[in-house]
Amino acid sequence: MAPSKKTLRTCDKGHNYYKSSDCPTCPICAQESKPESGFLSLLSAPARRALEHHGITTLQQLSTHSEKEILKLHGIGPASLPTLRAALQESGLSFKN
């Protein structure tokens with residue numbers, strides 16, 4: 001299998017980067033927008049973007065969803081659940097049953 005050919009792209013902010021997929025996310029912008037604290041800072045960029053895209057930016061908002069609902073979001077995988085569970089538990093919250 002031949003490796004994917006990377007193409008040079010420029011984001012709206014003028015960052016130049018190479019990507020082999022059709023994903024439009026600029027890795028430089030993604031790193032700049034990563035929170036420094038809070039539960040979102042503990043997640044991978046795809047998982048963080050999935051939650052933010054669905055308006056889930058606080059643990060209280062997260063606690064209104066079940067694990068099954070969260071796993072259905074594109075960008076969230078099973079590896080994210082232990083991190084999310086621990087963050088909820090530290091705040092005395094849990095996923096909806």
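Everything numeric in this text was worked out from a predicted model, so none of it was measured.

### Brief notes about the overall build of the protein
Then step 1. Within the protein, the secondary structure is distributed over five helices and two strands.
Then step 2. Mapped in sequence order, the helices and strands of the protein form the string β-β-α-α-α-α-α.
Then step 3. The C-alpha radius of gyration of the protein comes to 16 Å, more than 25% above the 13 Å expected for a compact globule of 97 residues.
Then step 4. Overall, the protein is about 45 × 30 × 20 Å in size when its C-alpha atoms are taken along their principal axes.
Then step 5. Here the analysis covers contacts within the protein between residues at least 6 apart in sequence; of these, 32% occur between residues at least 24 apart.

### A closer look at the pairing of strand β1 (residues 7–10)
Then step 1. Sheet topology note: the β1/strand β2 (residues 16–19) ladder contains four bridges and is antiparallel. By the bridge assignment, R9 is partnered in β2 with Y17.

### Considering the state of the cysteines
Cysteine pairs can be linked by a disulfide, which is a covalent bond between their two sulfur atoms.
Then step 1. Enumeration according to the criterion identifies zero disulfides in this entry.
Then step 2. Distance from the sulfur of C26, which forms no disulfide, to the nearest cysteine sulfur (C29) is 3.7 Å.
Then step 3. Classification of C26 as buried rests on a relative accessible area of 5%.
Then step 4. Here C29 is not cross-linked by a disulfide; its sulfur's nearest cysteine counterpart is in C11, at 3.7 Å.

### Regarding the environment of L73
Then step 1. Assignment of secondary structure puts L73 in the loop between α4 (67–71) and α5 (81–90).
Then step 2. Residues in contact with L73, not counting those within four places in the same chain, are A50, L51, H54 and I56.

### Remarks on the side chain of S63
Then step 1. Structurally, S63 is set in the loop between α3 (59–62) and α4.
Then step 2. Owing to a relative accessible area of 18%, S63 belongs among the buried residues under this scheme.
Then step 3. A polar atom in the side chain of S63 sits 2.7 Å from the backbone oxygen of Q60.
Then step 4. Once residues lying within four places of it in the same chain are set aside, the contact partners of S63 are L88, L93, S94, F95 and K96.

### Focus on the nonpolar core
Then step 1. Counting residues in hydrophobic clusters, the biggest one holds 17 residues, and the most contacted among them are F39, L51, L62, I70 and L84.
Then step 2. Only α2 (45–53), α3 and α5 provide two or more residues apiece to this core.
Then step 3. At four residues, α5 tops the list of elements feeding residues into this core.

Conventions and cut-offs
- Residues numbered from 1 in each chain as written.
- Predicted model: local features only at pLDDT ≥ 70, side-chain atom pairs only at ≥ 80, totals over all residues.
- Heavy atoms only, no water.
- Helix = DSSP H or I, 4+ residues; strand = E, 2+ residues; numbered from the N terminus.
- Rg over C-alpha atoms; globule rule 2.2 N^0.38 Å.
- Contact = heavy atoms within 4.5 Å.
- Pairing = 2+ DSSP bridges.
- Disulfide = S-S within 2.5 Å.
- Buried < 20%, exposed > 50% of the residue type's maximum accessible area, 1.4 Å probe, protein only.
- Polar contact = N/O pair within 3.5 Å; in protein donor to acceptor, adjacent residues only side chain to side chain.
- Core = buried A, V, L, I, M, F, W, Y, C linked by side-chain atoms within 4.5 Å.

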